[in-house]
Amino acid sequence: FEVINVTIPLEEGHDLGQRTSYQIELIKANYAENISVADIAEQVHLSEPRLMQLFKQNVGISIRRYRLWYRIYMTTVKIEMGLTV
């Protein structure tokens, strides 16, 4: 499950594309640590509710669901590679 070339509208001069891309990269880079939505929001200088709203608007699913699906995806990849859970 990958999000590729997400089209993100600009709002009030903020580059929301970079923020959402950065959020996705944080999730991917830290999937094993399961960093909190609050931590992600702090890193991109948004409130937690606004982060969740923008992520769902831009990606199409909630940030929590994306994190869960990505962790399941990576677990499947590692099992496929012969690693154990």
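Keep in mind that this is a model prediction, so the values were computed, not measured. (Residues numbered from 1 in each chain as written. Predicted model: local features only at pLDDT ≥ 70, side-chain atom pairs only at ≥ 80, totals over all residues. Heavy atoms only, no water.)

Caption draft 1: Representation of the confidence of the model for the protein in the model. Confidence in the prediction of the protein, expressed as mean pLDDT, is 81, and 81% of residues score 70 or more. This stretch, residues 1-15, has a pLDDT under 50; its non-local contacts, to residues over four places away or in other chains, come to 25 contacts. (pLDDT = per-residue confidence, 0-100. Contact = heavy atoms within 4.5 Å.)

Caption draft 2: Spatial organisation of empty space enclosed by the protein. What the rule picks out here adds up to one cavity of 30 Å³ or more. By volume, the largest cavity is sized at about 40 Å³. For the largest cavity, the full set of lining residues is Ile27, Asn30, Tyr31, Asn34, Ile35, Arg67 and Arg71. A per-class count over the lining of the largest cavity returns three nonpolar, two polar and two charged. (1 Å grid on protein atoms, 1.4 Å probe; cavity = no way out; pocket = protein on both sides within 12 Å on 5 of 7 lines; lining within 4 Å. Points joined across faces, edges and corners; volume = space filled by probe spheres on them. Nonpolar A, V, L, I, M, F, W, Y, C, P; charged D, E, K, R; others polar.)

Caption draft 3: The packing of helix 3 (residues 48-59) against helix 4 (residues 63-80), seen in detail. Their axes nearest at 8 Å, the elements helix 3 and helix 4 cross at an angle of 70°. Classified by the angle their axes make, helix 3 and helix 4 are roughly perpendicular. Counted together, Glu48, Leu51, Met52 and Phe55 of helix 3 and Ile63, Arg64 and Tyr66 of helix 4 form the full contact between these two elements. Its residues assigned to classes, the contact of helix 3 with helix 4 shows five nonpolar, no polar and two charged. (Axes fitted to C-alpha atoms, helices over the stretch in contact; angles between N-to-C directions. Helix = DSSP H or I, 4+ residues; strand = E, 2+ residues; numbered from the N terminus. Parallel < 35°, antiparallel > 145°, perpendicular 65-115°, else oblique.)

Caption draft 4: Region of interest: the pattern of salt bridges. Within the structure shown, the criterion is met by one salt bridge. One salt bridge in this structure joins Glu48 and Arg64, with 3.2 Å as the shortest N-O distance. With Glu48 in helix 3 and Arg64 in helix 4, the pair connects residues that are 16 residues apart, well separated along the chain. (Salt bridge = Lys/Arg side-chain N within 4 Å of Asp/Glu carboxyl O.)

Caption draft 5: Structural detail: the environment of Ser47. Its place among the elements puts Ser47 in the loop between helix 2 (37-43) and helix 3. Here the side chain of Ser47 touches Arg50 through a polar contact of 3.2 Å, landing on its backbone nitrogen. (Polar contact = N/O pair within 3.5 Å; in protein donor to acceptor, adjacent residues only side chain to side chain.)

Caption draft 6: Molecular detail of helix 4. In a regular helix each residue adds 1.5 Å, so 18 residues correspond to 26 Å; helix 4 covers 25 Å between its end C-alpha atoms and thus fits that length. Listing the buried residues of helix 4 in full gives Ile63, Tyr66, Arg67, Tyr70 and Met74. When helix 4 is viewed along its axis, its buried side chains cluster within an angular range of 100° and face the same direction. Following helix 4 by one or two positions, Gly82 has its phi on the positive side, about 100°. (Expected span 1.5 Å × (residues − 1). Buried < 20%, exposed > 50% of the residue type's maximum accessible area, 1.4 Å probe, protein only. Arc of directions from axis to C-beta.)

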